[in-house]
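The residues making up each chain are set out below.
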Amino acid sequence: MVVTTRARDRATERPAHAGGRNRRRTDSRTAALMTAPAVVLLALFIAVPVVLAFSLSFTNSRLISRDPARPVGAQNFDRLLGVSILEQHKAPGAADFPPVRDYTKRGSGHPQYEEKSVLFTVDSGDERTVVLAGDPTFWKSLRNTFLFALVVVPVQGGLGLALALLVNQRLRGIRIFRTIYFMPVVTSMVVVSILWRFIYQPNGLINSMLGTLTLGSWDAVDWLGNPHTALPAIMLMSVWQGVGFHMVIWLAGLQTIPPSLYEAAAIDGADRRQMFRLVTWPCLRPTRVFVMVTITLAALGLFTQIDVMTQGGPLDATTTVVYHAVRKGFREQQIGYGAAISLVFFVLVLGVSLIQRRMLRERS
Amino acid sequence: MRRTLIGGIISAVTVSALVAGCSSSGGSGETASGGPKTIKLWTHAAGNPEELATVQKVINDFNASQKAYKVVHEAFPQGAYNDAVTGAAVSGKLPCLLDVDGPAVPNWAWAKYLAPLDLPAATVGKLLPSTVGRYKDTVYAVGYFDAAIGLYARRSVLTKNDIRIPTIDRPWTLAEFDDALVTLKNKGDYDYALDLGTGGGGEWWPYAFSPLLESFGGDLIDRSSMTTAEGRLNGPEAVKWGQWWQSLFTRKLANSREATDRVAFLKGEAALAWNGNWGAADAQKAYGDDLLFLPPPDLGKGPKIGGASWQWSITNSCPDQDGARKYLEFSLNPRYLAEFSDKIGLIPATEEAAALTEKYRTGGDLRAFSDFSRKFALVRPPTPAYPKISSAFEKAAQDIMNGAPVKTSLDTAVDQIDGDISSNGNYGF
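Residues numbered from 1 in each chain as written. Chains lettered and ligands numbered in written order. Predicted model: local features only at pLDDT ≥ 70, side-chain atom pairs only at ≥ 80, totals over all residues.

Considering the interface of chain B and chain A
Here comes step 1: With 29 residues of chain B in contact, the opposing surface of chain A contributes 30 residues.
Here comes step 2: Every element with two or more residues in the side of chain B that touches chain A is listed here: α1 (2-23), α4 (105-110), α15 (386-401) and α16 (406-423) of chain B.
Here comes step 3: Take the side of chain B that touches chain A: its biggest share by element is seven residues, from α16(B). (Contact = placed C-beta atoms within 7 Å. Helix = DSSP H or I, 4+ residues; strand = E, 2+ residues; numbered from the N terminus.)

Topic: the sheet that holds strand β9 (residues 192-195) of chain B
Strand pairs in the sheet, formed through backbone hydrogen bonds, run parallel or antiparallel to each other.
Residues and elements named next belong to chain B.
Here comes step 1: If you trace the four strands from one edge of the open sheet to the other, you get β9-β10-β8-β11, paired in mixed fashion. Strands with a single pairing partner mark the edges of an open sheet, and in this sheet they are β9 and β11 (291-294). Along the sheet, successive strands turn relative to each other by an average axial angle of 25°, direction set aside.
Here comes step 2: Judged from the four bridges that link them, strand β8 (residues 149-154) and β11 form a sheet pairing that is antiparallel. Among the inter-strand pairings, Arg154 is bridged to a residue of β11, identified as Leu291. (Pairing = 2+ DSSP bridges. Axes fitted to C-alpha atoms, helices over the stretch in contact; angles between N-to-C directions.)

Thoughts on the UniProt feature "transmembrane region" (unreviewed entry) in chain A
Residues and elements named next belong to chain A.
Here comes step 1: Feature annotation in UniProt places "transmembrane region" (unreviewed entry) on residues 31-58, 146-167, 179-199, 230-252, 289-306 and 335-355, given in this structure's numbering.
Here comes step 2: The span residues 31-58 shows a helical share of 93% and a strand share of 0%, and its end C-alpha atoms are spaced 38 Å apart.
Here comes step 3: A helix fraction of 100% and a strand fraction of 0% characterise residues 335-355, whose end C-alpha atoms lie 30 Å from each other. (UniProt positions renumbered as here; feature names shortened; annotations may be inferred.)

What about the domain arrangement of chain B?
Residue and element names in this part refer to chain B.
Here comes step 1: Taken domain by domain, chain B consists of domain 1 (12-146 + 309-362) and domain 2 (149-306 + 385-428).
Here comes step 2: Centre-to-centre separation of domain 1 and domain 2, based on C-alpha positions: 31 Å.
Here comes step 3: With seven residues of domain 1 in contact, the opposing surface of domain 2 contributes nine residues.
Here comes step 4: With three residues, the top contributor of residues to the side of domain 1 that touches domain 2 is α4. (Domains from an automatic or database assignment.)

A short note on the packing of helix α5 (residues 136-167) of chain A against helix α14 (residues 321-331) of chain A
Residue and element names in this part refer to chain A.
Here comes step 1: The N-to-C vectors of α5 and α14 enclose an angle of 145°; their axes lie 8 Å apart at closest approach. Contacts between α5 and α14 involve Thr137, Phe138, Ser141, Leu142 and Thr145 on the former and, on the latter, Val321, Tyr323 and His324.
Here comes step 2: Split into classes, the residues belonging to the contact of α5 with α14 amount to four nonpolar, four polar and no charged. (Nonpolar A, V, L, I, M, F, W, Y, C, P; charged D, E, K, R; others polar.)

Structure, rendered in structure tokens:
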């Protein structure tokens, strides 16, 4: 995205007298030649898989099978996105609502409910609304993925900027701090995840530390084992791991701002806060776009931490769309269904990117 | 104009990728001008130097013993092995000889990756039943060894707490086992009574815990039809298992968030451990003569443990199946089976081989495990639906452990398994 922005800037900068038909033709040939490697790679690793996923998602293709894949129409999407609502009424004097399984069991004579499972229920007195889904884990994965992005994008971006401002000062030994903050980035995510698994254990570092600080009155929390804390715990770790990278990007952005602008601002009598608001912030716009977009994409693709730390548990509290697709496609060998998940996800991510692009463009 | 250019690039790329994919093959059966025929062999043992060295030794001996064939091996790390096989199968580049994780045999046989072994009945008959990989009564794979699970305990701890030491003929009943756990927990010397290995992922769950369900009288699937899990995985016995399983964690008898390494028992944080024979050496180091390997408890329908470890098979695409079969028969020599057992600590597949080993011969240190395997092992359901069953069971067992309603969790697993089976035409059953 940034690449295209820069390319456009450069195109507009081109001197007007460089026109001429021949020149333009040579230019475009050179351009085609220069972009060829990138286009080939994009085609191979983006376009081909997307086309494959698209065609696979309308079949019952399996990873391992003796039968060739058979087209099944939109069946995968029906199962993936199918949601139906079951209204239940408690009979007077009955202890409980009738079992949902009477409706969802195969061959029970309620085609709209069959083979669906409970996503959630809403009770009000003797009435119960049961929301059934063909694949409840997918909806939970979607919720977790977007929740993760919603928290991680601003926090990681903001923290990265704060750190960049801190380490952008001319102090002795500031490089040491830059290195320290950057260190988690160069460590493999798998390694980081395994380490944090230990840190989050009931007898791990965090609980022991809190125990010591509170003189033993702290009740150890099983951070990754509790459905309420598991996802926040993974968010925290992911921010810690990724923030260094974006600090460096922000730092690069900060250092492109000409000192003369600050000098001029100082002469105009601006205080530090005004300098940040009126000089730094506007000058960081291209950096901001890059940081926003890269964090969003990385956050939406959350997988490694989940695979290593929680396997989607406890009780689906940390399952994500990519993790779910991998689980269905590879572990359960339903490639067709996994492809359908990926395709739906692709469309959603594309939507998010387009919205983000529009928002960032409008502001300019 | 532009469209055709891009189209051209895409097709050029696809074509070149395809060509590259095909040309880098190198399947078996290449004859080096009159020399021996090459037979390719793949093993998952790249991460296990002792096992790999033994495989290599068998291959060298085989190659030296005759002139017609030359076996060459390629080793993969276990984590990437199944993906490598699937990838090779899709692109038609499978080697002649493959090792296969037991529960995957029916799946691969159904997919026609594997050929029936056609080994003499006498050869197969000598093997532990759980080392023979079958699909619909046809043998597709044989193993050199099996693993077994037992309860690790310390004699001193049981005696001190007046807990009866169970024997293979009189294992603990459910009530005895449960009482023992409660007693050990209440004594307060331990964080948990039982280390179950809940930190393990993937196949450990169905391997280690579905036998408990089976001991209660439930099962992963109706084994008589292989077409539904209804009534077996969510019947009354299964629900009873689920409630007991959940209560192990709500009563804090077992830890739902163990680390991946199995050290709770070794460090004295848990009084008992439900663990395989591969952990025996460490435990012996820690507790010496005080250590006991107890039989699995009888939770109602007899003690049960999982069976089937890695096994060897011949692929359908192998051009020299006779040669591959000769190698397999050669490798089943008790001497090699004993060597595998000595090197990697697993239970040798035949009695003859067991007699040659230090640990598994009658009176050997780990003899108990080989008895458990012979008496209690139940293979995971030999159906191509197994990957789905494994995943659904793991999720149900984890959800129940984490407090989800038992019956609903099991029902969901059943629906998922049955849906998978029916959408694959009952997998040929």
